Amino acid sequence: MTELSDLPIRDDLRGLTPYGAPQEHVRIQLNVNENTHPIPEAVATDIVTALAGAVLGVNRYPDREFTELRDSLAAYLGHGLTRDNVWAANGSNEVLQQVLQAFGGPGRSVLGFPPTYSMHSIIASGTGTRWLTAQRDAGYELSPETVVEAIRREQPDIVFLCSPNNPTGTPLSLETIAAAYDATPGILLVDEAYAEFQEGDTALTLLEGRPRLLVSRTMSKAFAFAGARLGYLAADPAVTDALRLVRLPYHLSAFTQAAAVAALAHAPEMLAMVEDIKLQRDRMIAALPELGYTPLPSAANFVLFGGVENPHAVFEELLANDIIIRDVGIPHHLRVTAGSDAETTIFLDALARISAR
Ligand SMILES: *Cc1c(COP(=O)(O)O)cnc(C)c1O
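Thresholds, definitions, all that
Residues take numbers from 1 onward in each chain, read along the sequence in its written order. Totals for whole chains, interfaces and linings use all residues, but because this is a predicted model, local features are given only for residues with pLDDT of at least 70 and pairs of side-chain atoms are given and counted only at 80 or more. Think of the side-chain values as coming from all heavy atoms in the structure, minus any hydrogens and water. We call a residue near a given molecule or strand whenever any one of its heavy atoms falls within 4 Å of it. As used in this structure description, the phrase polar contact means that two N or O atoms lie within 3.5 Å; if the pair is within protein, one of them must be able to donate a hydrogen and the other to accept it, and residues adjacent in sequence are counted only when both atoms belong to side chains. For the accessible areas, the method is Shrake-Rupley and the probe is 1.4 Å, while residue cover comes only from the protein chains on display. Domain extents, as shown, originate in an automatic or database domain assignment. Contact definition: two residues touch when any of their heavy atoms are within 4.5 Å. As a working definition, buried area equals the accessible area (1.4 Å probe) given up by two parts on being put together, with both sides summed. Salt bridge, as applied in this entry: a Lys or Arg side-chain nitrogen positioned within 4 Å of an Asp or Glu carboxyl oxygen. To qualify as a helix, a DSSP run of H or I must reach at least 4 residues; to qualify as a strand, a run of E must reach at least 2; elements of each kind are numbered from the N terminus. Amino acids outside the nonpolar list (Ala, Val, Leu, Ile, Met, Phe, Trp, Tyr, Cys, Pro) and the charged list (Asp, Glu, Lys, Arg) are all regarded as polar, and Gly is one of them. We call a residue buried when its accessible area falls under 20% of the maximum for its residue type, exposed when it is over 50%, and partly exposed in between, using a 1.4 Å probe and counting protein chains only.

**Digging into the site of the ligand**
Move 1: Around the ligand sit 13 residues in total, of which Ser92, Tyr194, Thr218, Ser220 and Lys221 are the nearest.
Move 2: At 2.8 Å from an oxygen atom of the ligand is found a side-chain nitrogen or oxygen belonging to Asn166.
Move 3: One nitrogen or oxygen atom from the side chain of Asp191 is found 2.7 Å from a nitrogen atom belonging to the ligand.
Move 4: Protein contacts shield 94% of the accessible area of the ligand, which totals 390 Å² for the unbound molecule.

Shown next as structure tokens:
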């Protein structure tokens, strides 16, 4: 049998492992930070109508510039942004890949602050961009001084900041983001996949006058649209011109564009569960210490909790109860997504039973 290592694969990909969040068919799925609430039926009906319209024109290539979608995204984001500031792709992972294709690549580097979103380093290796890392402060925080010092030391071409940070949930101050921008002559990308769950200001407020600042977002989390694959970015129009150099032509299908535009027209309904999800998050943060665990503060829709003697064993025992959460590889920690009220109850009850043993 042919093994991967038998193939003449790129030297820099040898021995690497792919992104691997398990996709198990279990009843309670709290492992990849989706919005666990289904989209409202009225919105679904509108999306189907839009898709039916798109299918009639599917003999033609879609709008390569996804103009209507960029208008919808700009209107959703606000902050005076227009379609010229907006870019989109099949998930924000693809947006990040295009950013590294345009501004990274062989001979260039990107700096991240682990523990952070695992795809950042994987997309770096896929694009041949050197992945540099620096330490966080206590409690996974990032002060302006820490970030500036790391940038001065590592001299990266690109800096990735994740706000709030996945998998820790840690919010990031605008002071740190602004200081990072001033410290680098390169690109600063702020991954705001969980922006809709956070209380403080978004990095979108910093875009004006900062042409090397990129703010990425996704419809996969708060927006309850993970299966549709739509991520986007706001930046100076010159940045979107750079991304046009590396994107594949017609990368957003007519169906993707139609579905996303229809969903964005119902943004308030799509986001209706966000407040309840935050309640469930805070409920878990309040309940976990009673079970002997130490949850971290979270500005996102998930909670990282420590004090887990054997994360693998707890993960497996929850799985035996038809519940999947995430072992993110941080010793003695596990991460759980905030789902519905019922899902949270089932998770907390199961964890209480497991912990009492
Ligand atoms: C989930 C997540 C994404 C989203 O990726 P999509 O490709 O848009 O589904 C991006 N960044 C972070 C930090 C995430 O946690």
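Read on for the rest.
**Some points on the domain arrangement of the chain**
Move 1: As assigned here, the chain comprises domain 1 (4–30 + 273–355) and domain 2 (41–266).
Move 2: The centre of domain 1, based on its C-alpha atoms, is set 24 Å off from the matching centre of domain 2.
Move 3: Listed per partner, the contact involves 22 residues of domain 1 and 23 residues of domain 2.
Move 4: Carbon and sulfur atoms supply 63% of the area buried between domain 1 and domain 2, which totals about 1,700 Å² over both sides.
Move 5: The largest per-residue losses of area from domain 1 upon contact with domain 2 belong to Tyr19, Ala299 and Phe302, which jointly make up 30% of the total buried on that side.
Move 6: Taken together, domain 1 and domain 2 are joined by one salt bridge.
Move 7: With a closest N to O distance of 3.0 Å, Lys278 and Glu199 form a salt bridge.
Move 8: Between domain 1 and domain 2 we count six residue pairs in polar contact (both at pLDDT 80 or more) in total.
Move 9: Secondary-structure elements contributing two or more residues to the side of domain 1 that touches domain 2 are α10 (274–287) and β10 (302–306).
Move 10: The residue inventory of the side of domain 1 that touches domain 2, partitioned by class, reads 14 nonpolar, three polar and five charged.

**Here's the deal with the pattern of salt bridges**
Move 1: With the rule as written, the count across this model stands at 14 salt bridges.
Move 2: Here Glu65 and Arg247 are joined by a salt bridge, their closest N and O atoms 3.3 Å apart. Of this pair, Glu65 sits in the loop between α1 (41–55) and α2 (67–77) while Arg247 is found in the loop between α7 (237–244) and α8 (254–264), placing the two residues 182 residues apart along the sequence.
Move 3: Of the charged contacts, one joins Asp241 and Arg244 as a salt bridge, the two residues approaching to 3.0 Å between their closest N and O atoms. Taken together, the residues Asp241 and Arg244, both in helix α7 and three residues apart, mark about one turn of the helix.
Move 4: The exposure class of Arg244 is partly exposed, given its relative accessible area of 24%.
Move 5: Within this structure, Glu65, Arg70, Asp241, Arg244 and Arg247 form a network of salt bridges that share partners.

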